[in-house]
Structures are given as structure tokens and as C-alpha cells.
Amino acid sequence: MGGGGREPGVPRSAGGPRGAASRGVVTRVLRGTDNGVTVAWSPPFSGGPVPCPPPPPRVPTAAPCPRRSLDGLLRPQKRNAHVPLWNYALLRAQIFIVYFIAGLKKLDADWVGGYSMGSLARHWLFAPFRLVLSEEMTSLLVVHGGGLALDLSAGFLLFFDATRPLALVFVTYFHCMNSQLFSIGCFPYTMLASSGLFCHPSWPRRLCARCPAWLRGVLPSTRPPQPSPDCHYGGRGARGGGLRPRQHLAAAFTLLYVLEQLFLPYSHFITQGYNNWTNGLYGYSWDMMVHSRFHQHVKITYRDGLTGEVGYLKPGVFTQSRRWKDHADMLKQYSSCLSRLLPRYNVSQPQIYFDIWVSINDRFQQRLVDPRVDLVRAPWSPWRPTPWLLPLLLELSPWRERLQELESRLDGHTDAVFIADFPGLHLENFVSEDLGNTSLRVLRGEVLVELVEQHRNRSLREGEGMQLPAGQYHKVHTVSPEPSCYMFYVNTTALALERNLTRLQELRERVRNGTEKEPLPPELRPILGEPLARGTPADPVVTAFLRRQRRLEEQSRRREAGLAQRLRRFLRKKFYLFRRSALMTCISLRMALGRPPLQQLAEEVAFANWRGEEEEEARPEGGQGGPEL
């Protein structure tokens, strides 16, 4: 009794000291077997090794190869067999890199400062956090701080057994939120499914063993996996002796692949042609949601190379992509596409000019590309910086706090747009008739305001401003040696529009209950559900009224829907999301073998983007017309 007691089943040596077995060092003898390792141990001063029951097999992995997998069909010996460790190492490393590199990219000053996703905290998913935190602190601590902490730590927490359950809870919550916050296709669901890669490889077999007997016939086998010819089990007695050349090759491939995936997010010094204000290629950067963009103005100008005739194109014509507005390589492709298509519309040797104004992470609106450069003939190379790409004015980043302060001083019926422009360039703008109270104020530098129709100019310095005439064009030239900053602030017509919409609502009610004696003019007949008469121009206020009524009816229908209808709508939405992802993947794989005709490709993409009757109901009246020139 006491400290000298021996462990059960262990004989004490007659000549050994008391309690030596409990303090002795265990000697392991490894013997290769079909299942991995057999362990025998020998206490000191004993007559020889005493075998003990072997522990759970310690093999590279213990997950069975699915019976209906492609390699299982081609090689029967792989069915229900061990999977080589490098397979799991490759997949786990890939998911770890997605999390960890995304966390490193979120160490960007814009993300840490809370500028990347400034408005995301207003979403209903963050309502529980807003009960105890302000919207600003929810954005800074929960959205930005929580996203940074999760991305940096998720890979490590998933790797260790002790922290894996907690990590699975957090990443599941994270990806479920992402599926509702962003339209990013199957990515959240793919990451959810990949979380199981970090668990013990035998968990699918244990899960299948608990399923009903009638369901096990279509599930993977629950029998213990058989040894695989592709696995190395270690030990001197392992079959096949040492490592074979193909196993050395697999190890080298795994190492090179992981190093490549670590290198690609930082390889932008090589592919400099894909760098814009943010480093690209975006698909290999993992800077997810670090940059938010708002496009204020996009103009596409074409010039006939023979006649000099100038015209304008509707932004996005001939394409269904929206990413071209942010990437120089896509702008080059888009301009080349337009140069081949415009001759069909009697535009010879077309020249294409883009004027794109965009704000990134709450900065000033500024130009992305030089509007004086014809992109059809402009140089572009994947290995050199793009010469016609204008730089992001990072020196103006500290202005963001002041811009927020200026905007907070405005009343609820005034909109403000903050502009930064380069020396030698000008902004051409038109003030609509219903925006009569539009003013301009210079925040930095010097500008020259040209009133086109009045044939007069006015110079403005920092702190000065003027009211702009309605219904006329004006040009704002930057004449200072440094970039100029100025703001437009407009008293919106929200109150007047609301009054007009209320009058239309009251008019429709009077017509329906018979108290309205005067006949409705043709442009107002659509408020009763009647089609617009041929040749009658549409009234913008009536169009806004009908659009608002459809939105209100849809919101009311969704609020009154039962649980079954809401579940059906949710499943329907996810079905079309996965359907689009699968079809677009097939289209991409097919294009690798050769591009089909442009018309056929457009029809296939439109079919992939189709979302059923809901999209048809949401489509504006008149459908989608042809390209607007």
C-alpha cells in the first residue's frame, strides 16, 4: 500500500528497488503490421517484454476511400482502404492558408481602422451586438476586429484536438453569416464542408455506423479499412520496406504545392499588369472584403476613327460582368471587344475612352484610369505596370474623418459627394432641373468652374464655393499643381417626391372607390394596373410609384408568409445559387477547350443566371432592350 505499489499485471523484479516499475521508463518496440503499429513494452528489471493490448492504430490516416470514388472504381484495391497522409495534409494546408493569409491581409490599415466594411454593422445579423454596443463600435470591434481575430486563429484552432470543437462553432457561425451578408456563391458552403477535414479521419465511418440499417446500403462502408498499397506504415517490419519513389514524389509535390500557395498571395511584383489600386490577381490574393468600392460615375466614350464622330455607350453593354470597372486587364479586354463590335453599328476604327470614378474604403471619389487614353491601342502587359492607370491618392486618406464630420453636419435632405481630381484633368457634370439647389465647395487646391452654356468661367480656391445653374452642363478644371478636392452638396427632392407619391396613392384610392370624377390622363393610367398607351412617354414619378408599390407588396407578402413558405423561398434561393455555380463551372471548363460563339456563350450565361419566376417578376417593365449607343 503506498508509493511502492506496482501497476496491475506488472511483476516486480526480486532484485529491483521498491516501486521501480512505477517510476521506470517504458521502452517501445515498434513492429509493422497490417493495421499500423503493434506496441510492446518492458519495465526495468523484469524478465522480458510483457505484451499489452495495442492502442488504437496509429496510421497515416484511417479514412476509407469511398466505394464510388473515381480511383476506387479504377483500382478495386483502393476501395475502403487507408488514404495516404499527404492527401489530407494537402487539403488541410489549403484551408489553413485560406484562413491565415486572409487574416494577414486584414492587418491592412483600412481594415484595422474600420473603413473596409463601414456599413456592414447596420445589417440585421448584427442587431444582437447593437443591443450592447453602438453601431460604430459594432463595426470596429465585431465586424473588423472579430473578422481579423477569426481569420488569424481559425486554422490553428481547427488543427488541435482541444480547441477544435470551439473552432467548429465559430467558423460555422462565421460562414453562415457570410452566406447571408454577401453574394459569394458556394464559397461559405464549401468552407463549411471542408471543416470536417480537420477532424479525425474516421468520423464519417462512425457517423454512418449510427445511421439506420436501411440507409447504410447507400452509405460508405463502416467496416475497418484495409491497408492501402499507397500508404507507408513505418517500422522495420512494414511491408514493402522503405519509402518508394512515388511516395518521395508525393511528399515533394505536397511541399511544393504548399509553398506555391503561400507564395501566390505575395507574387504581385511579378504579375504587375494585374495590379490596380489593390494587388491582383484577386483570386490568388485572399484579401477578401478588405476593400469596398462605390462607383459614382462611369462613362464610356467612343470616337469614329474616320469621321471623328463622338458618342457614348451605356456602361456594361455587351457584357454581363460588373468587375471590369475595377481591373485594368478587364478594361483592356472590354475595349478590344467593343472595337470589334462597334463596326456593326457603322462606327469605323473605333477609339474607346473610359472615365470611371470610384471611392475605395470611404475615400474621395477619384478617377481609376486616364480618360484621355484610347484603351484599344493602349499598351498592356501582365509583367509591367499599367501606364494609363491613375494612382490611388493615399495622401488624402487622413481626410476620411473630416469627410465624415462634414457629412454629419448636413441635414437629412442634403446629399454630398466628395471629389478628388488630378492636375490637368476636368470633370464634366450636368445638373438636372429637379436638383436646382446644387452647390460646389473647394476643400483643397484650386479649380476653374466653366459654365458651358453661359460661356463664362469662375476660379475657386480653398474654402470658396458657388451655386451651380440647373439644367446646364459645367466643367470643373483642376488648375492647382497638386490634386484638388471639392464637394458637391445637393438639397434632394426626397420630400417633394414623397408628397407626389402620396398624391398618387390618394388618387388611386379615389378612382377605385368612385369618388374621383375626372378621367385620368394616359400617363397616369399605369397606377391602376393598365398598360401604358403606345406613344405615351412614361412619367418618372409614376414609375417610381409603381416600383415602390411592388416593393411594399413584396415586403408585406414576405412578412405574412408562413414558416413553410419561408423555408421554401430559402431553399429555392439556395437551389438557384448552387445551380448557377455548377453551370458556370461547366461553362468555364468547356471554355478551356475552346471558346464557343459569342451569342451562344451569352445565352448560356443568361441561362445560368436565371433564377426562375422570381426574377421574371422583379424584372422591370419592358424587359431588357438592345445595346444603347
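Because the structure is a prediction, the values reported are computed rather than measured. (Residues numbered from 1 in each chain as written. Predicted model: local features only at pLDDT ≥ 70, side-chain atom pairs only at ≥ 80, totals over all residues. Heavy atoms only, no water.)

1. What to know about the nonpolar core
Across soluble globular proteins, you tend to see nonpolar side chains buried next to one another.
And then number 1: Ranked by size, the top nonpolar core spans 26 residues in total, and within it Ile300, Trp324, Leu331, Leu338, Ile352, Phe354 and Leu368 carry the most contacts.
And then number 2: Looking at this core, the element that brings in the most residues is strand β6 (residues 351-360), giving 5 residues.
And then number 3: If you look at the next biggest cluster of nonpolar residues, it comprises 18 residues, including Val98, Leu150, Leu158 and Phe198. (Core = buried A, V, L, I, M, F, W, Y, C linked by side-chain atoms within 4.5 Å. Buried < 20%, exposed > 50% of the residue type's maximum accessible area, 1.4 Å probe, protein only. Helix = DSSP H or I, 4+ residues; strand = E, 2+ residues; numbered from the N terminus.)

2. Focus on the pattern of salt bridges
And then number 1: A full pass over the atoms with the stated rule returns 17 salt bridges.
And then number 2: The closest approach of N and O atoms between Arg367 and Asp421, which form a salt bridge, is 2.8 Å. Note that Arg367 is positioned in strand β7 (residues 366-367) and Asp421 in strand β8 (residues 414-421), a separation of 54 residues in sequence.
And then number 3: A salt bridge links Arg372 to Asp370, with the shortest nitrogen-to-oxygen separation between them at 3.0 Å.
And then number 4: Classification of Arg372 by relative accessible area gives exposed; the value is 55%.
And then number 5: A single salt-bridge network, built from bridges that share partners, covers Asp110, Arg363 and Arg400. (Salt bridge = Lys/Arg side-chain N within 4 Å of Asp/Glu carboxyl O.)

3. Considerations on the confidence of the model for the protein
And then number 1: Counting all residues, the mean pLDDT for the protein is 81, and 83% of those residues have values of 70 or more.
And then number 2: Contacts from residues 1-63, a stretch scored under 50 in pLDDT, to residues over four places away or in other chains number 78 contacts. (pLDDT = per-residue confidence, 0-100. Contact = heavy atoms within 4.5 Å.)

4. Some words on a positive patch on the surface
And then number 1: A contiguous patch of positive charge, built from Arg322, Lys573, Arg580 and Arg611, is present on the exposed surface.
And then number 2: Here Arg611 lies in the loop between α17 (598-609) and α18 (613-618). (Patch = residues over 30% accessible without salt bridge, like charges linked within 9 Å, V, L, I, M, F, W, Y side chains within 5 Å. Areas by Shrake-Rupley, 256 points an atom, 1.4 Å probe, with all protein chains shown as cover. Lys, Arg positive; Asp, Glu negative; His and termini not counted. Charge placed at Lys NZ, Arg CZ, Asp CG, Glu CD.)

5. Details of the packing of aromatic side chains
And then number 1: Following the criterion strictly, the structure yields 19 aromatic pairs and no others.
And then number 2: Relative to Trp380, the ring of Tyr274 lies with its centre 5.4 Å away and its plane at 80 degrees, an arrangement referred to as edge-to-face. Taken together, the residues Tyr274 in the loop between α11 (245-263) and β4 (293-303) and Trp380 in the loop between β7 and α13 (399-409) connect sequence positions 106 residues apart.
And then number 3: Between Trp324 and Phe354, the ring centres sit 6.0 Å apart and the planes meet at 55 degrees, which makes this aromatic pair tilted. (Phe/Tyr/Trp six-rings, centres within 6.5 Å; stacked < 30°, edge-to-face > 60°.)

6. Quick notes on the packing of helix α3 (residues 85-105) against helix α8 (residues 187-194)
And then number 1: Viewed as axis vectors pointing N to C, α3 and α8 meet at an angle of 125 degrees, and their least axial separation amounts to 11 Å. In terms of axis orientation, α3 runs oblique to α8. Handedness of the α3/α8 crossing: left-handed. The segment α3 lies against α8, with Ile95, Val98 and Tyr99 engaging Phe187, Met191 and Ser194.
And then number 2: Partitioning the contact of α3 with α8 into residue classes produces 5 nonpolar, 1 polar and no charged. (Axes fitted to C-alpha atoms, helices over the stretch in contact; angles between N-to-C directions. Parallel < 35°, antiparallel > 145°, perpendicular 65-115°, else oblique. Left-handed = near helix turned anticlockwise from the far one by under 90°. Nonpolar A, V, L, I, M, F, W, Y, C, P; charged D, E, K, R; others polar.)

7. Looking at the sheet that holds strand β14 (residues 473-478)
Sheet strands line up and pair through hydrogen bonds in the backbone, either parallel or antiparallel.
And then number 1: Taken in spatial order, the 4 strands line up as β9-β14-β11-β12 in an open sheet, and their pairing is antiparallel. At either end of the open sheet lies a strand with only one pairing partner, and these are β9 (426-430) and β12 (456-460). With strand direction ignored, the average angle separating the axes of adjacent strands in the sheet is 20 degrees.
And then number 2: Bridging between strand β11 (residues 447-451) and β14 involves 5 bridges; their strand directions are antiparallel. Bridging across to β14, Leu448 finds its partner in His477. (Pairing = 2+ DSSP bridges.)

8. Some thoughts on helix α6 (residues 135-159)
And then number 1: In this model α6 runs 34 Å from its N-terminal to its C-terminal C-alpha over 25 residues, within 8% of the 36 Å that 1.5 Å per residue would give.
And then number 2: In α6, a bend of some 45 degrees at Ser153 exceeds every other bend along the element.
And then number 3: When we look at burial in α6, the residues that qualify are Thr138, Ser139, Val142, Val143, His144, Gly147, Leu148, Leu150, Asp151, Ala154, Gly155 and Leu158.
And then number 4: Check the buried side of α6 and you find it contacts α3, α4 (109-112), α5 (127-130) and α7 (164-181). (Expected span 1.5 Å × (residues − 1). Bend = angle between axes of the 7 residues up to and from the residue.)

9. Considerations on the sheet that holds β4
And then number 1: The strand order across the open sheet formed by 4 strands is β5-β4-β6-β7, and the pairing between neighbours is antiparallel. Of all strands in the sheet, those bounded by a partner on one side alone are β5 (310-313) and β7.
And then number 2: With 4 bridges joining them, β4 and β5 adopt antiparallel strand pairing. In the strand pairing of β5, Arg303 is matched with Val310.
And then number 3: Along the sheet, helix α12 (residues 328-341) contacts β4, β5 and β6; its crossing angle with β6, the most-contacted strand, is approximately 150 degrees.

10. What about the pairing of β11?
And then number 1: Side chains of β11 alternate between two faces, with Val447, Val449 and Leu451 buried and Leu448 and Glu450 left unburied.
And then number 2: As paired strands, β11 and β12 are joined by 5 bridges and run antiparallel to one another. Note on β12: the bridge partner recorded for Leu451 is Arg456.
And then number 3: In this antiparallel pair of consecutive strands, β11 and β12, the connection spans 4 residues, and His455 shows a positive phi of 55 degrees.

11. Some points on the environment of Arg206
And then number 1: By secondary structure assignment, the location of Arg206 is in helix α9 (residues 203-209).
And then number 2: A sequence separation of 17 residues divides Arg206 from Arg223, and the C-alpha atoms of the two residues are 10.0 Å apart.

12. Here's the deal with unusual backbone geometry
Peptide bonds are, in most cases, trans, and in most cases residues other than glycine have a negative phi.
And then number 1: One non-glycine residue, Met289, adopts positive backbone phi at about 65 degrees.
And then number 2: The residue Met289 is located in the loop between α11 and β4 in this model.
And then number 3: Assessed through its relative accessible area of 23%, Met289 is described here as partly exposed.
And then number 4: At His455, a residue that is not glycine, the phi angle is positive and equals roughly 55 degrees.
And then number 5: One can find His455 in the loop between β11 and β12.

13. Describing the packing of α6 against α7
And then number 1: Two elements in contact, α6 and α7, have axes separated by 8 Å at closest approach and are oriented at 140 degrees. Taken together, α6 and α7 sit at an angle that is classed as oblique. In this structure, the crossing between α6 and α7 has a hand that is left-handed. On α7, the residues touching Leu150, Asp151, Ala154, Leu157, Leu158 and Phe159 of α6 are Arg164, Ala167, Leu168, Phe170, Val171 and Phe174.

14. Side note on a nonpolar patch on the surface
And then number 1: A surface patch of nonpolar side chains, about 390 Å² in accessible area, is lined by Leu255, Leu256, Leu259 and Leu262.
And then number 2: Note on placement: Leu262 falls in helix α11.
And then number 3: The exposure class of Leu262 is partly exposed, given its relative accessible area of 37%.

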